[in-house]
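Single-letter residue listing:
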Amino acid sequence: AEIEKKKTEIVSSEQQIEQLNKDINLIQKHIDMMQSKVSDELTMKNKSSKLINLESKLESRIKKIEKEVAFYEEHDSCPTCKQGIEQSFRTEQITNLGQTKGQVRTALSDLSTQIEKTNERIVEIQKILKNITSHNNEIVKHNSTITAVNNYIGKIQKEIEELSNKKDNLEEENQKLKEPREQLK
């Protein structure tokens, strides 16, 4: 009866392991699906870096244009060679620089939108990666449980073996006891 009880425990433990393995496979499928959603992680990080670099260059370009405009607004002669700068030329330069500055500002605005979208995607990727880590931790826990259950099964199998040996020994002892009785008859 004791041996049968322990064999039932083993069957139950093996079913638990089977269920854990099914869960692990399901979790792994989720991980694979999520990883396909973050395959652009490196591309997005590189894009973000390039966009930020370009943004910096455009901001520098605007500052340079503003300095040139200020120069034409403040000077009617060249400070270096002392030659006069005609008003019509200064006005034309200020107008052209203003148009260029407008174009650069528009480009900068478009760039800001792209940077925002790229950063949103990076945040989304980070959330998915956090989920992947969480799922991987679940797999580790399940594998630990499987190891523990396998150890438990091994322990029960030893106990069954010991009980079987005791039973065999008892039967041998009973047989030895019966033999002298038989001889006494």
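The model shown is predicted, which means the values in this text are computed figures rather than measured ones.

Here we take up the overall build of the protein. Each helix and strand in the protein was counted, giving three helices and zero strands. For the protein, the sequential pattern of α-helices and β-strands runs α-α-α. Taken over the C-alpha trace, the protein has a radius of gyration of 41 Å; the compact-globule value for 185 residues is 16 Å, which it surpasses by more than 25%. With respect to the three principal axes, the spread of C-alpha positions in the protein is 145 × 25 × 15 Å. Evaluated residue by residue, the protein yields a buried proportion of 23% over its 185 residues. Look at the contacts in the protein between residues 6 or more apart in sequence, and 85% of them connect residues 24 or more apart. Accessible surface, the protein: about 13,800 Å² in total, of which carbon and sulfur atoms supply 50%.

What follows is about the packing of aromatic side chains. Per the counting criterion, the structure on display carries two aromatic pairs. Taking the centre distance of 5.3 Å and the plane angle of 80° together, the rings of Phe71 and Tyr72 count as edge-to-face. The buried category is assigned to Tyr72, whose relative accessible area is 14%. Geometrically, the ring pair formed by Tyr72 and Phe89 is edge-to-face, given 6.0 Å between the ring centres and 75° between the ring planes. Taken together, the residues span a long stretch of sequence, with Tyr72 in helix H2 (residues 41-74) and Phe89 in helix H3 (residues 87-184) at a distance of 17 residues. For Phe89, a relative accessible area of 38% puts it in the partly exposed group. Here the aromatic cluster, defined as three or more aromatic residues joined through ring pairs, consists of Phe71, Tyr72 and Phe89.

Its identity is not glycine, yet Lys82 carries a phi of approximately 65°, on the positive side. Following the sequence through the fold, Lys82 ends up in the loop between H2 and H3.

We now examine the pattern of salt bridges. Considering all chains together, one arrives at 10 salt bridges under this definition. Residue Glu2 is joined to Lys6 by a salt bridge in which the shortest nitrogen-to-oxygen separation is 3.9 Å. Taken together, the residues Glu2 and Lys6, both in helix H1 (residues 2-36) and four residues apart, mark about one turn of the helix. Taking the relative accessible area as the measure of exposure, Glu2 reaches 42% and is therefore partly exposed. Via salt bridges that share partners, Glu2, Lys6, Lys155 and Glu159 belong to a single interconnected network.

Conventions used here
Residues numbered from 1 in each chain as written. Predicted model: local features only at pLDDT ≥ 70, side-chain atom pairs only at ≥ 80, totals over all residues. Heavy atoms only, no water. Helix = DSSP H or I, 4+ residues; strand = E, 2+ residues; numbered from the N terminus. Rg over C-alpha atoms; globule rule 2.2 N^0.38 Å. Buried < 20%, exposed > 50% of the residue type's maximum accessible area, 1.4 Å probe, protein only. Contact = heavy atoms within 4.5 Å. Areas by Shrake-Rupley, 256 points an atom, 1.4 Å probe, with all protein chains shown as cover. Phe/Tyr/Trp six-rings, centres within 6.5 Å; stacked < 30°, edge-to-face > 60°. Salt bridge = Lys/Arg side-chain N within 4 Å of Asp/Glu carboxyl O.

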